[in-house]
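Inside the fold
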Amino acid sequence: MSEFIVASLAILFALGLLGNLWYARLARRRMLQRWPEALLLVNQQGVIAQCNQQACFLLSIPREQLLQSTLESLFGPQNLTIGAGLVRLKHAQGIPLHLQVSQWSKQRKTFLLRLRNLSEAEVELPDLRQNAKLLQRSALDAGIAAWSWDPASNELHWSEEVFRLLHLDPHSFTPTYENYLALIHEEDRDEVHHAAQAALKSPKPYSMEYRIARGDGELLTLLEHNHMQFNLDGSLHAVWGTVTDVTERLRLEKRLNLSSLAVEACTQGVLICDGDFQPLLINPAFCRMTGFPEEALLEPGWSMLSHSRETPEDSLAALEEHLGGERWYGELWLHGIKGRSRSVLASRSLSRDEAGNVEYRVYICTDITQLKLQQEQLQRLAYRDPLTGLPNRLLFDDRLLQSLQLCERQGKKLALAFIDLNGFKAINDTLGHHAGDRLLCEIGETLLTQVRQSDTVARWGGDEFAILMPACGEPADVLERLDALAHSLRQTVHGDNDQQLPVSASIGVAFFPADAANMEQLLRVADQRMYIAKREQSTLCAAGPDNTETV
């Protein structure tokens, strides 16, 4: 059970980490919308995925129409390469624009495009102080610190978020390149410096991660994006960029990887669905338990879990109708390939959003098929004769007690017969125990074919058998059936050298309530009458010594 709890906590923690990463992505998109320049976010095929209001204004195209466009439809055939250049609009008399391309996400293969007019007013950099205010507003909203540097005046401007991020006092700390470089971790300092110097000679923006010491001594990991702007004569005009604290993100990603590793390596089958029962994640153990590949199990609309061994539920939604509460534990059947079914100990946990709606459903299944088989084997050993498979004394006594109580309440008769085989010892001594075992199994099968479905045949021990006949009817009918049964047991076993070894049966029978008022008396009377029949070499005894009735 502890493995279930550990696996459940790991999965729920992973879901929380995914939520944090989603919020960070949303903050970046908000910053894109508030950026003062015209920005386009495109994929590798040149399809526009995001745009801000400034881009719509610059291109004179409504947002809805722009989001359905491609770079080729706006500027003609384009190759997405990182750098800067001139493009001409296919509409609006072919107005020339300055285009700078930088990579937005390596993993998603998306690019950020910055557009501006080439008028004289736009060639010169807007007032750095005003830019700093705009960057500061974006930084406060998205948690991103912005900075800018004017090479002509060598002025470096930090937004308030940079000071806050580094725990530095703007009144006592002078933001210079040298002072900032001194804060960077000594193992990363040279790499940062060389990258910065190389970037001053190239229009290509660059990004890098490095460690830096905060004012209170805590070590942070920052992600820095830098952009260079050059004049038409090729001289450096301005540099600006952003720094983001990714310390927590890296920590979350590491924990997410660990949680994902725990799910992948978990020996229990794990299935995670959304609120509409659409499968989102299935680990390798679940695939092994069902025999199906992951892609098949991720298809919507199936259910392999059910309360019935014979047939699965129509859907997970149908199964959920039988499960209650935020957490559910119990036994279910997992239906796999080619109709194979496994007994599983399952847990189901719900994860809800802020509105209280079910966001995720987590199912964890432990295969207990072998445990069930072992339980059945132990039960069989406890209640069944290992040789014939018939009920043993323990199971027979239990059924006898229940039948007596039922017949007493209903006012019906019950018969108990003991059967002893005559000639069995000679077969064991002459032909061996294997032959004797085969004979006992044959006798057991014969008895089962001669009794009613409601009767119980048990091996009492050695060469003795017992028959329980609840609601047996009139004693005369019982004696008639037992006499026919005794004749069916009579046979001759042939041994070596044409040996003929006869086998017959002696039967003693007692009736409830005529002969006994409880189970102990009934067993004793039936046993005594069996020995009377055996002593007198008769087939059937249904009365005591004072009133002997033998056949």
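Describing the overall build of the protein chain
What the protein chain contains, in helices and strands, is 19 helices and 22 strands. Long-range pairs, those at least 24 residues apart, make up 49% of the contacts in the protein chain between residues at least 6 apart in sequence. Total accessible area on the protein chain stands at roughly 30200 Å², and carbon and sulfur atoms take up 50% of it.

Points about the side chain of Thr247
Residue placement: Thr247 occurs in helix 10 (residues 247-265). A distance of 2.7 Å separates polar atoms of two side chains, one belonging to Thr247 and the other to Asp245. When neighbours within four sequence positions are excluded, Thr247 is seen to be in contact with Leu219, Leu220 and Thr221.

Some points on the packing of helix 16 (residues 424-431) against helix 17 (residues 433-450)
The interhelical angle for the contact between helix 16 and helix 17, taken along N-to-C directions, is 140°, at an axis separation of 6 Å. Here Phe424, Ile427, Asn428 and Leu431 of helix 16 come into contact with helix 17, specifically with His433, Ala435, Gly436, Leu439 and Leu440. Across the contact of helix 16 with helix 17, the residue classes tally to six nonpolar, three polar and no charged.

Quick look at the sheet that holds strand 5 (residues 110-117)
The strand order across the open sheet built from five strands is 2-1-5-4-3, with neighbouring strands paired in antiparallel fashion. For this open sheet the edge positions go to strand 2 (48-51) and strand 3 (83-88), each flanked by a neighbour on one side alone. The sheet shows a mean angle of 30° between the axes of neighbouring strands, taken without regard to direction. Sheet topology places strand 1 (residues 38-43) next to strand 2; three bridges connect them, and they run antiparallel. When the sheet's bridge partners are listed, Leu40 is paired in strand 2 with Cys51.

Structural notes on the packing of helix 17 against helix 18 (residues 475-489)
Relative orientation of the contacting elements helix 17 and helix 18 amounts to 150°, with a least axis distance of 10 Å. Taken together, the axis directions place helix 17 and helix 18 in an arrangement best described as roughly antiparallel. Considering the relative orientation of helix 17 and helix 18, their crossing is right-handed. When helix 17 is examined against helix 18, the residues Ile443, Thr446, Leu447 and Gln450 are found in contact with a partner set consisting of Leu485, Ser488 and Leu489. By residue class, the composition of the contact of helix 17 with helix 18 is four nonpolar, three polar and no charged.

Describing the side chain of Asp463
Mapped onto the elements, Asp463 comes out in the loop between strand 18 (456-461) and strand 19 (464-470). Ignoring anything within four residues of it in the chain, the contact list for Asp463 reads Ile419, Asp420, Leu421, Phe424 and Leu440.

Rules and cut-offs
Residues numbered from 1 in each chain as written. Predicted model: local features only at pLDDT ≥ 70, side-chain atom pairs only at ≥ 80, totals over all residues. Heavy atoms only, no water. Helix = DSSP H or I, 4+ residues; strand = E, 2+ residues; numbered from the N terminus. Contact = heavy atoms within 4.5 Å. Areas by Shrake-Rupley, 256 points an atom, 1.4 Å probe, with all protein chains shown as cover. Polar contact = N/O pair within 3.5 Å; in protein donor to acceptor, adjacent residues only side chain to side chain. Axes fitted to C-alpha atoms, helices over the stretch in contact; angles between N-to-C directions. Nonpolar A, V, L, I, M, F, W, Y, C, P; charged D, E, K, R; others polar. Pairing = 2+ DSSP bridges. Parallel < 35°, antiparallel > 145°, perpendicular 65-115°, else oblique. Left-handed = near helix turned anticlockwise from the far one by under 90°.

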